[in-house]
Amino acid sequence: MHYISTRGGMDPAGFTEVLISGLAPDGGLAVPEAVPVLDEATLESWRDLDYPALATEVIGLYASDLPREDLAAMTSAAYGPQRFPDPVVPVREVAEVASGLWIVGLSQGPTMAFKDLAMQFLGQAIPEVLARTGQVLTIVGATSGDTGSAAEHAFRGQEGVAVFMLSPLGRMSDVQRAQMYSLSDPNIHNIAVDGVFDDCQNLVKALNADADFKAEHSLGAVNSINIGRIAAQVVYYVWSWLRVSDAAPRAHRAEVEVDVVVPSGNFGNIYAGHLARRMGVPIRRLILATNENNVLDEFFSTGIYRPRSRGETLATSSPSMDISKASNLERFIAELLGPEEFSRRWPLLEQTGALDLSDHVDRLREEFGFVSGTSTHEDRLASIRLVHERSATLIDPHTADGVTVALRLMEPGFPTLVMETATADKFPETVAEALGSAPPVPAAITELLALEQHVTEIPNDLDVLRAIVAEGSRSA
Ligand SMILES: *Cc1c(COP(=O)(O)O)cnc(C)c1O
């Protein structure tokens, strides 16, 4: 399997190369040269595998330059009992809420959000690939919550990797803060910036723009465009189809077609679902759910992609979906248009601030199975309440956006799987608002909140950041 750039300016490269390099040299994103296709017998032969073994099979298709034994060791470590309960991804029907509605539990990992599933794989794969070539990596990132904590928990204590994570001072939830700042591993550096998330992101960009500094300290990222994260996310789409079809009589399993609902922001999670569908997993529709920042719902319903400005981006109660542009969408649009049309039309986005693909809008649904919907604050409160009343299950505000759109768009005869992207424990304030009283605090959270915290507070100042990264990356 080789990877090429969406913009056509990169020689075909192997998985291990694009895993470390991030953006292609022409500014595009790495995409598979050809998507692997599974036949029915192969899918069936995977039915009895446990999650790590299935991950080895699926990721192996995308990472054909990683030796099989190495990959198997990585997936057992990433998805083993130290990091995930068994089963790693529970899949269950909540028929009390709606017949045929299922919840796919993607948030059982150390930081209680689906990002752990991909990041834990990177935490194994990246150090291994670096070790082969004697390289080191300094990950500098900005987070408003989930990505940063997932990255720190995946790379803590790993050889050859130092993590510097910038977060806006005083703007994360207590749980998010504790998950990051309680780590005491010497290769993990928490930096609280006196500013907002955009200030953090601008500091990271400015540091990366300093080419000498970037090369000297081997700066890199593990953001949502990382191809290793995408490959690891394909696994749970295969897994959840297998679990839902387990219930059908043996002779009819292959006929089970599902709809999958994905609470979306940067289009990373659902892009993996799109790959699974193209691989031949019987996914009928990919239902994309957004919050009030509905750039993607607008695109999939009108064909017009219009990223928002910072001022137009709202702070909502499903904050991990508060995006102004969807960084992985370029991958899908490159496929939708094909290389020639893509190279002609994609630059218009930069030039005019929008891309009008309304001439392709029917194909989004008919060929690619995408439909979409928007959920508001009131909708998510209602969904949290409904699921709690009918099934005694607590869901978080992001998953609630998925449930809202699922209930609106689901059709009889097709199991509808909502991807749970975080747990309610991580976002107790909104859950309390929905239920009218605070949910019980699990003992693990009480313990987490009591741990000593390690964080360096800095002003919004590039020179201060540069000095901290220089100092810390040398000692890694
Ligand atoms: C990151 C995140 C999302 C959005 O996922 P994308 O891959 O960016 O579309 C949704 N919910 C939660 C809880 C997240 O952390």
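Please read all numbers here as calculations on a predicted model, not as lab measurements. (Residues numbered from 1 in each chain as written. Predicted model: local features only at pLDDT ≥ 70, side-chain atom pairs only at ≥ 80, totals over all residues. Heavy atoms only, no water.)

## Examining the pairing of strand β4 (residues 101-105)
Extensive coverage of β4 is indicated by the burial of five of its five residues. Neither face of β4 is open: one carries Leu-101, Ile-103 and Gly-105, the other Trp-102 and Val-104, and all of them are buried. Here strand β3 (residues 91-93) runs beside β4; their pairing, made up of three bridges, is antiparallel. Considered in β4, the bridge of Val-91 is made with Val-104. Sheet analysis places β4 next to strand β14 (residues 416-420), joined by five bridges and oriented parallel. Bridge pairing in β14 links Val-104 to Met-419. (Buried < 20%, exposed > 50% of the residue type's maximum accessible area, 1.4 Å probe, protein only. Helix = DSSP H or I, 4+ residues; strand = E, 2+ residues; numbered from the N terminus. Pairing = 2+ DSSP bridges.)

## Some words on the packing of aromatic side chains
Summed over the entire model, instances satisfying the criterion amount to 15 aromatic pairs. When the ring of Phe-299 is compared with that of Phe-300, the centres are 4.9 Å apart and the planes differ by 75°; the resulting orientation is edge-to-face. Classification of Phe-299 by relative accessible area gives buried; the value is 0%. Pairing Phe-299 with Tyr-305 gives two aromatic rings, centres 6.2 Å apart and planes at 70°, and the pair type is edge-to-face. Pair check on accessibility: Phe-299 and Tyr-305 agree, each one buried. (Phe/Tyr/Trp six-rings, centres within 6.5 Å; stacked < 30°, edge-to-face > 60°.)

## Structural notes on the UniProt feature "modified residue: N6-(pyridoxal phosphate)lysine" (unreviewed entry) in the protein
Per the UniProt record, the feature "modified residue: N6-(pyridoxal phosphate)lysine" (unreviewed entry) sits at Lys-115. By secondary structure assignment, the location of Lys-115 is in helix α5 (residues 115-133). Residue contacts for Lys-115: discarding those within four places in its chain leaves Asp-146, Thr-147, Ala-150 and Arg-229. (UniProt positions renumbered as here; feature names shortened; annotations may be inferred. Contact = heavy atoms within 4.5 Å.)

## Description of the sheet that holds strand β7 (residues 188-193)
With respect to topology, five strands assemble into an open sheet ordered β8-β5-β6-β7-β15, the strand pairing being parallel. Each having just a single partner strand, β8 (219-220) and β15 (456-458) make up the two edges of the open sheet. Lying on the sheet, helix α6 (residues 146-155) is in contact with β5 (137-142), β6 (161-168) and β7; it crosses β6 at an angle near 160°. (Axes fitted to C-alpha atoms, helices over the stretch in contact; angles between N-to-C directions.)

## Let's talk about the site of the ligand
Taken together, 15 residues form the shell around the ligand, and within it Lys-115, Asp-146, Gly-265, Asn-266 and Asn-269 come nearest. Within the side chain of Lys-115, a nitrogen or oxygen atom sits 2.5 Å from an oxygen atom of the ligand. At 2.7 Å, a backbone N or O of Gly-265 approaches an oxygen atom of the ligand. For the ligand, whose accessible area on its own is 380 Å², the fraction buried by protein is 96%. (Near = heavy atom within 4 Å. Polar contact = N/O pair within 3.5 Å; in protein donor to acceptor, adjacent residues only side chain to side chain. Areas by Shrake-Rupley, 256 points an atom, 1.4 Å probe, with all protein chains shown as cover.)

## Description of the pattern of salt bridges
Counted by the stated rule, this structure contains 28 salt bridges. Residue Asp-210 is joined to Arg-466 by a salt bridge in which the shortest nitrogen-to-oxygen separation is 3.4 Å. With a gap of 256 residues between them, Asp-210 in the loop between α8 (197-209) and α9 (211-216) and Arg-466 in helix α20 (residues 462-474) connect regions that are remote in the sequence. What makes Asp-210 partly exposed here is its relative accessible area of 23%. Judged by relative accessible area, which is 24%, Arg-466 ranks as partly exposed. The structure contains a network of salt bridges with shared partners spanning Glu-44, Arg-47, Arg-243, Asp-246 and Arg-253. (Salt bridge = Lys/Arg side-chain N within 4 Å of Asp/Glu carboxyl O.)

## Let's talk about the packing of helix α3 (residues 51-62) against helix α4 (residues 68-78)
Two numbers describe how α3 lies on α4: the axes approach to 9 Å, and their chain directions differ by 135°. As summarised for this structure, α3 and α4 are arranged oblique, according to the angle between their axes. The handedness of the crossing between α3 and α4 comes out as right-handed. Judged by residue contacts, Pro-52, Ala-55, Thr-56, Glu-57, Ile-59 and Gly-60 of α3 engage Arg-68, Leu-71, Ala-72, Thr-75 and Ser-76 from α4. Across the contact of α3 with α4, the residue classes break down as five nonpolar, four polar and two charged. (Parallel < 35°, antiparallel > 145°, perpendicular 65-115°, else oblique. Left-handed = near helix turned anticlockwise from the far one by under 90°. Nonpolar A, V, L, I, M, F, W, Y, C, P; charged D, E, K, R; others polar.)

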